[in-house]
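Below, each chain spelled out in residue letters.
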Amino acid sequence: MSDVNVREALETYAGAASAPPPGLLERVEAGYHRRRRRRRTGGAAIAVVLVAVTLGAAIGAWPVRRAVPDQTVGQPGLQLPASFDKVPPMASVWPQAVIEEPPVTSPLGRPARTVGRLDADHLLVEDRVSFYAYDQRARTFRVLVTGFGGNDPANEVLITPHWLVWQVRNHGEDFFSVYRAPVTGGERQLVIKVRTSYLLARDWYATDDAVFWSARTGGVTRVSLSDGSMTTPAAFQRLGTHGTAWAELTGRPAGRSSGTVSLLLRHLVTGEQRTITALPDTVSLRCVPTFCLGRTDADRSSASSASSASSASSVSAGAKPEGGRWFVQQLDGSGRRALPPMPDRESAQLVTTDAGGLILVTTARGEQVVVNPVTGRWGSTRTASGFGPSCANYSPPALRWGGDKPPVNCRTGQGTRLMLFADAG
Amino acid sequence: MTEEQAFADFVRHRTAALYRYGYILSGNHHDADDLVQDALIRLRGHWARVVRRDDPTGYVRTTMTRLHVSAWRRRRREWLTASVPDAAVPDPDLAKVDITGNAEQVWSALATLPPRQRAVLVLRFYERLTDQEIATTLGVSSATIRSQAKRGLDKLRAAKFSDLSEALR
């Protein structure tokens, strides 16, 4: 028997589940009408109590809506909102990035998943059977590729100017396959099969010529899309991919047993390099070519905030989250600015895009706020439901929200909205 | 199409997938059947609202997950004792953990997990939800989710090693 992991075991047994017993609809209808009868006989008293409680709760919880002007800290360099409570809606900030009505089902009636943007009018959508070009205006699908080359869902779907590139596995097999197909549609072509042990990161990156990923043994693996040749270029022996054209060399902060800081960035294609300076109180630091997002030591944050009070300005007042203070800085360590208070140390993360990077924040109220400190733009989902750069292994990463329930398995339901990070400047 | 017809269509088209989900969630056909039926009864009562504002499939799956966990709680109520509250377990590599073995071994080990731990692993590895999405689905904090996932994976590892050591005797 082959080795499998938890995911494969679950999918194997899900596929082997026998058909449900017949007569389910009749039993559901009977159960529903039983419940209705019980509720009716439950009587007016319960209804009165419920109405009273509901009214009380509604009055008590009625939000006080005030038109609060967006406030920025008026200093040059990286910009941050003064508070995450006063951030405008996402769609008003990045209308081109927010998809109000992403497709919910494919032409086959299967749940559809938006995995990227092909051009201004078309989204790349998959339904575990085919890739489609979805016309946002006409709301029509065109099949690009049918069959992903494996019986697992396609992962790491990347869009280059001329190719779709993806990775896929078969249940129980210890290798994955990389395929490409013309971005305008056509037959898939196998690029390479690789043992799974080489697969470490999901932050893949592709150009028209090659696909890159981080190898488990260290370094960035480059695979030619034309002949499938695999190499680890010497300049990238110790680096890791970032999901963008910039690979990253990371290290541990001096004198610490945990934490990671970026040391330098190097362009996968041109070899261009950017060095990074982490100040002594930094315990974690992730960078894109235009800025860094970091966190200070909890024990030393008071001292550092006092010493950098002039640059942190009033936005840092009271900002002392568990595990230290979040901040942004330039790559050379200058221009450090503290982020407004957040509920805990996992509330902020750096989202990398080819255009640079964004900061994704989860506020104390559960809303998602996206901040671009370079352009000084920020937007909020304005709702606590739904979350995340889920499907981060799809390119480009997307944020989903809306409706009463979180989107399941990266697929969008009715009322769900979608923001493609790559389109947010 | 009337509301009844639309609901009947939904049941016809989605039952098989929901049943599969119920099966991996509960581990047996009987409970899978109960979960699907109970969740669909609840959906039937809120069909118009759910269709208008939400994804009915997501609604049913969330209901099934919560029913699965709460059903276990009802059964176990008389054995409950004071316990240590869930605490956050920092483990950034948790999402990359693989428990290897054959599918039968892993499935058997999953059957030994409490329903909430099993639900967390199903949502993470089968539904591929993030911890925050799982937390929203189950109505708990993401720290609890990480804690439950870690405990579940630890038990799977222990079960696997136990099986292997027995097999080697």
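Residues numbered from 1 in each chain as written. Chains lettered and ligands numbered in written order. Predicted model: local features only at pLDDT ≥ 70, side-chain atom pairs only at ≥ 80, totals over all residues. Heavy atoms only, no water.

Looking up chain B in an unreviewed UniProt entry gives the name DNA-directed RNA polymerase sigma-70 factor, with the organism given as Actinoplanes nipponensis. Word for word, the UniProt comment on chain B under Sequence similarities (unreviewed entry) is "Belongs to the sigma-70 factor family. ECF subfamily." (UniProt positions renumbered as here; feature names shortened; annotations may be inferred.)

Undergrad: Sorry, what's going on with the sheet that holds strand β12 (residues 220-224) of chain A here?
TA: Pairing between sheet strands relies on hydrogen bonds along the backbone, with the strands arranged either parallel or antiparallel. Residues and elements named next belong to chain A. Ordered by their spatial adjacency, four strands build an open sheet running β10-β11-β12-β13, and the pairing between neighbours is antiparallel. Unpaired on one side and paired on the other, β10 (205-206) and β13 (230-231) mark the two borders of the sheet. Taken together, the two bridges between β10 and strand β11 (residues 210-214) define a ladder with antiparallel strand orientation. Residue pairing in the sheet places Ala 206 in a bridge with Val 211 of β11. (Pairing = 2+ DSSP bridges. Helix = DSSP H or I, 4+ residues; strand = E, 2+ residues; numbered from the N terminus.)

Undergrad: Any chance you could explain the state of the cysteines here in plain terms?
TA: Note: disulfide means a covalent bond formed between the sulfur atoms of two cysteine side chains. Residue and element names in this part refer to chain A. Inspection of the entire model under this criterion finds one disulfide over all chains. One disulfide bridge connects Cys 287 with Cys 292, the sulfur atoms lying 2.0 Å from each other. Here Cys 287 and Cys 292 share a disulfide; its torsion about the S-S bond, 105°, makes the bridge right-handed. Pair check on accessibility: Cys 287 and Cys 292 agree, each one buried. (Disulfide = S-S within 2.5 Å. Buried < 20%, exposed > 50% of the residue type's maximum accessible area, 1.4 Å probe, protein only.)

Undergrad: Whenever I open this one, the packing of aromatic side chains confuses me. Can you help?
TA: Geometrically, a pair of aromatic rings is defined through the distance of the ring centres and the angle of the planes. Residue and element names in this part refer to chain A. Considering all chains together, one arrives at twelve aromatic pairs over all chains under this definition. Here the aromatic rings of Phe 131 and Phe 148 are separated by 4.5 Å at their centres, their planes lie at 35°, and the arrangement is tilted. Separated by 17 residues along the polypeptide, Phe 131 in strand β4 (residues 130-135) and Phe 148 in the loop between β5 (140-146) and β6 (155-159) bring together distant segments of the chain. No difference in accessibility class separates Phe 131 from Phe 148, as the two residues are buried. Connected via pairs of aromatic rings, a cluster forms that spans Phe 131, Phe 148, Trp 166 and Tyr 179. Geometry around Trp 163 places Arg 180 over its ring, the cationic atom sitting 3.7 Å from the centre. In this arrangement the basic side chain of Arg 295 is found over the ring face of Trp 326, its NZ or CZ atom lying 5.8 Å from the centre. (Phe/Tyr/Trp six-rings, centres within 6.5 Å; stacked < 30°, edge-to-face > 60°. Lys NZ or Arg CZ within 6 Å of the ring centre and 35° of its normal.)

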